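Residue strings, one per chain:
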Amino acid sequence: MSPIATQHPAPVLVFDGDCGFCTSSVRLARRFVEPRLCAVPWQTSDLSPAARARAQEEVLLLDAPGKRLWGGIDAIAVLMLASRRPLWPLVGWLLRRAPLRALGGAAYHWVSRNRHLMPGGAPACEIGDGRRVGDGAARSASGEGGGG
């Protein structure tokens, strides 16, 4: 069981707290997809070393008991499936099915690799050769992190 999940009664989204684009995306997800969303920057998480390395490359979603972990487009799809708002569960279901899963995965990968070019992105958001460029301390996640 992951200690991070035991601290939160709902699924936990683990994101890059140093990336303005990622932080803005979490804010939008909380506002439009799932208001109960707990979000924690990977920089301040207590994830295993393997999960922390993975979180540098993609968003992660842990279920409440901490037994299941999804990454990238699968994390987004499962988050949408858990939404209580209309439409999002259908979108999540579709994203878990071929061919949308493959298309969504390719789009997610492209955005992930180019997030430094997205609105709110900065050089610290860039990922190259499996390593982050600019490994600064996580920004305060006031409103984005912890919730719950």
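Up top is the structure these notes are about.
Residues numbered from 1 in each chain as written. Predicted model: local features only at pLDDT ≥ 70, side-chain atom pairs only at ≥ 80, totals over all residues. Heavy atoms only, no water.

## Thoughts on the environment of Ser45
Thought 1: Examined against the element boundaries, Ser45 turns out to sit in the loop between strand E2 (38-41) and helix H3 (49-55).
Thought 2: Expressed as a C-alpha distance, the spacing of Ser45 and Val14, which sit 31 residues apart in the sequence, is 7.9 Å.
Thought 3: Within the local environment of Ser45, its side chain forms a polar contact with the backbone oxygen of Trp42, the two atoms lying 2.8 Å apart. (Helix = DSSP H or I, 4+ residues; strand = E, 2+ residues; numbered from the N terminus. Polar contact = N/O pair within 3.5 Å; in protein donor to acceptor, adjacent residues only side chain to side chain.)

## Here's the deal with the pairing of strand E1 (residues 12-15)
In summary, the side chains of a regular strand alternate between the two faces of the sheet.
Thought 1: The side-chain alternation of E1 yields two buried faces, one formed by Val12 and Val14 and the other by Leu13 and Phe15.
Thought 2: The parallel pair E1 and E2, bridged by helix H2 (residues 20-33), forms a crossover whose chirality is right-handed.
Thought 3: In terms of strand pairing, E1 meets strand E3 (residues 60-62) through three bridges, oriented antiparallel. Opposite Val14, over in E3, you have Leu60 as the bridge partner. (Buried < 20%, exposed > 50% of the residue type's maximum accessible area, 1.4 Å probe, protein only. Right-handed = clockwise from strand over helix to strand, strands pointing away. Pairing = 2+ DSSP bridges.)

## Overview of the environment of Leu47
Thought 1: Here Leu47 lies in the loop between E2 and H3.
Thought 2: When its relative accessible area of 9% is taken as the criterion, Leu47 is described as buried.
Thought 3: Here the alpha-carbon distance between Leu47 and Val14, two residues 33 residues apart in the chain, equals 9.4 Å.

## Quick word on the side chain of Asp16
Thought 1: For Asp16, the location among the structural elements is in the loop between E1 and H2.
Thought 2: With a relative accessible area of 2%, Asp16 lands in the buried category.
Thought 3: A polar contact of 2.6 Å, which involves the side chain of Asp16, links it to the side chain of Gln43.
Thought 4: Among the polar contacts made by the side chain of Asp16, one reaches the side chain of Arg115 at a distance of 3.0 Å.

## Things to note about helix H4 (residues 73-81)
Thought 1: Counting buried positions along H4 yields seven of nine residues, so the element is predominantly enclosed.
Thought 2: For H4, the elements touching its buried residues are H2, E3, strand E4 (69-71), helix H5 (88-95) and helix H6 (100-113). (Contact = heavy atoms within 4.5 Å.)

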